[in-house]
Amino acid sequence: DRFDAITFGLGAAEVSAMDPQQRLLLEVGYTTLHGAMRRRATLMGGDGGTFVGIERPDWAIVQPATARSSVYAVTGDNVSAAAGRVSFSLGLQGPCSSMDTACSSSLVAMHFAAHVVRGGESSGGLALGVSLKLAPHGALGAASAGMLSVEGRCKTLDAGANGYVRSEGVGGSLVEGDDAMGRSEAHVSSSAVRQDGRSASLTAPNGSAQRTLLLVALGRASVDSAEVGCLEAHGTGTALGDPTEAGAVAAVHGAGGSAAASGDAQIGEARLVLGAAKASVGHSEAASGQVGLLAVCGVGSGGRVGGNARLRVLNPLVGERLGRVGHRILLCVQ
């Protein structure tokens, strides 16, 4: 309701028909570019790309029937328009796409932003993710399927993990070429995208596919698994997802037991610190990858990883799988 429409040349009627997610994407996209020392005047007509992770818009569900015939309704809740509006407002003429790959949406957006920059299609790829919960339908469906925590807490890796909690989020990153290395917060060595393929069910994870994904990403970066000091887990806090992911991590990152430490952990000492932002801020679904990415960037600047909120007693199945990696993997209890 405090959206700065004038900055983006939008009238009140058009803004009133716009999905609030589009409003946030405009503001955060602009802020991301500004923080990377890009100026609006130099962006106009350039080859900058826009890649947005976004799922189904609740906005379309909550609109009254009278609003659906508005001249602005067609673009107001259209998922493709979410990315297109950012490119239009800033005059970016590079590749532009909205992506819905469920929980991985904003990381897939990041992957393709890096891909077009490496391929020379764009001098800069703006990767964004957004998720607002404006209608109860998604939460009711997830609850009916037994996916949500009855306490409303995401207890990642904990023995009491019984589901995740839905949260909202928006975030953005700018991927630039090697000439931006001097002012970058992080360096994207590689990225990889794969699918679970055939698993126990449509929504069930596939540990073998996860292992392959990690190995592909490491291989493209020419990085040995022992060199990795911090891993941001998907970590939904579900009875099936956490042990499956722990098994994939253990298979790739070593062999022999796990260790736990209280409070924050210092990266180094040949250990892999494993954490998940969802334990602190919930699962923002389409935006969750961008949230985790920004959390890791924060770790890189300080060298310390915060403890895993809600982790009190390690899930025995997680412990069993991590038991194969000695004290290589460190779990921090907050």
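As a further point, take empty space enclosed by the protein. Within this structure, the stated rule accounts for one cavity of 30 Å³ or more. Here the lining of the largest cavity takes three residues from strand 3 (residues 124–131), the largest share from any one element. Per-class residue counts for the lining of the largest cavity are five nonpolar, four polar and one charged.

Another aspect to go through is the environment of Ser225. By the secondary structure assignment, Ser225 is in the loop between helix 9 (207–221) and strand 5 (230–232). Judged by its relative accessible area of 18%, Ser225 is buried. In sequence terms Ser225 and Val252 are 27 residues apart; their C-alpha atoms lie 6.7 Å from each other.

What follows deals with the nonpolar core. The biggest cluster of nonpolar side chains holds 22 residues, and the ones touching the most others in it are Phe3, Leu10, Leu25, Leu26 and Val86. Taken together, the elements giving at least two residues each to this core come down to helix 2 (20–35), helix 6 (79–90) and strand 3. Per element, the largest residue contribution to this core is four residues, and it comes from helix 6. In this structure Leu10 touches Phe3, Ala5, Val15, Met18, Leu26 and Arg85, once residues within four positions along its chain are discounted. In terms of nonpolar packing, the next biggest core, distinct from the first, is built from 17 residues, Leu218, Val228, Leu231 and Val249 among them.

For Glu14, the location among the structural elements is in helix 1 (residues 12–17). Setting aside anything within four residues of it in sequence, one finds Glu14 in contact with Tyr72 and Arg85.

Within the structure shown, the criterion is met by two aromatic pairs. The interplanar angle of 5° and the centroid separation of 5.6 Å between the aromatic rings of Phe3 and Phe8 together place this pair among those described as stacked. Take Phe3 and Phe8: they sit in the same class, and that class is buried. With a centroid separation of 6.1 Å and an interplanar angle of 90°, the aromatic rings of Phe8 and Tyr30 are classed as edge-to-face. One end of the pair, Phe8, is in the segment before helix 1; the other, Tyr30, is in helix 2, with 22 residues separating them in the sequence. One aromatic cluster is present, built from ring pairs that chain together Phe3, Phe8 and Tyr30.

The strands making up a sheet are joined through hydrogen bonds of the backbone, oriented either antiparallel or parallel. Within the open sheet, the four strands sit side by side as 2-1-3-4. Their pairing is mixed. A strand with exactly one partner marks an edge of an open sheet, and here the two such strands are strand 2 (96–99) and strand 4 (169–176). Taking each pair of neighbouring strands and ignoring which way they run, the sheet shows an average axis angle of 15°. As paired elements, strand 1 (residues 49–53) and strand 3 share five bridges and run parallel to each other. Looking at the pairing, Gly49 lines up with Gly125 of strand 3. Against the sheet, helix 6 contacts strand 1, strand 2 and strand 3, and its axis sits at roughly 145° relative to strand 2.

What follows deals with the confidence of the model for the protein. Reading predicted coordinates in detail is not appropriate for stretches of low pLDDT. With 90% of its residues at a pLDDT of at least 70, the protein reaches an overall mean of 89. Model confidence for the protein, summarised as mean pLDDT per element, is weakest for strand 6 (residues 258–262) at 58 and strongest for strand 1 at 98.

The next thing to look at is the pattern of salt bridges. A full pass over the atoms with the stated rule returns five salt bridges. The salt bridge partner of Glu176 is Arg38, with a shortest N-O separation of 2.9 Å. Of this pair, Glu176 sits in strand 4 while Arg38 sits in the loop between helix 2 and helix 3 (40–43); the two residues are 138 residues apart in sequence, bridging distant segments of the chain. Comparing Glu176 with Arg38 shows no difference in burial state: the two are buried.

Further remarks concern the layout of surface pockets. Quantified by volume, the second largest pocket comes out at close to 190 Å³. What lines the second largest pocket is a set of 17 residues, and nearest its centre among them are Glu232, Ala276, Ala277, Val305 and Gly306. Those elements that place two or more of their residues in the lining of the second largest pocket are strand 5, strand 8 (272–275) and helix 12 (288–302). Looking at the lining of the second largest pocket residue by residue, the classes come out as ten nonpolar, six polar and one charged.

The interhelical angle for the contact between helix 9 and helix 10 (residues 241–252), taken along N-to-C directions, is 40°, at an axis separation of 8 Å. As the angle between them shows, helix 9 and helix 10 are arranged oblique. Helix 10 is crossed by helix 9, and the crossing has right-handed handedness. Contacts from Gly207, Gln210, Arg211, Leu214, Leu215 and Leu218 in helix 9 reach Thr244, Glu245, Ala248, Val249, Ala251 and Val252 in helix 10. Looking at the contact of helix 9 with helix 10 residue by residue, the classes come out as seven nonpolar, three polar and two charged.

Scoring rules and cut-offs
Residues numbered from 1 in each chain as written. Predicted model: local features only at pLDDT ≥ 70, side-chain atom pairs only at ≥ 80, totals over all residues. Heavy atoms only, no water. 1 Å grid on protein atoms, 1.4 Å probe; cavity = no way out; pocket = protein on both sides within 12 Å on 5 of 7 lines; lining within 4 Å. Points joined across faces, edges and corners; volume = space filled by probe spheres on them. Helix = DSSP H or I, 4+ residues; strand = E, 2+ residues; numbered from the N terminus. Nonpolar A, V, L, I, M, F, W, Y, C, P; charged D, E, K, R; others polar. Buried < 20%, exposed > 50% of the residue type's maximum accessible area, 1.4 Å probe, protein only. Core = buried A, V, L, I, M, F, W, Y, C linked by side-chain atoms within 4.5 Å. Contact = heavy atoms within 4.5 Å. Phe/Tyr/Trp six-rings, centres within 6.5 Å; stacked < 30°, edge-to-face > 60°. Pairing = 2+ DSSP bridges. Axes fitted to C-alpha atoms, helices over the stretch in contact; angles between N-to-C directions. pLDDT = per-residue confidence, 0-100. Salt bridge = Lys/Arg side-chain N within 4 Å of Asp/Glu carboxyl O. Parallel < 35°, antiparallel > 145°, perpendicular 65-115°, else oblique. Left-handed = near helix turned anticlockwise from the far one by under 90°.

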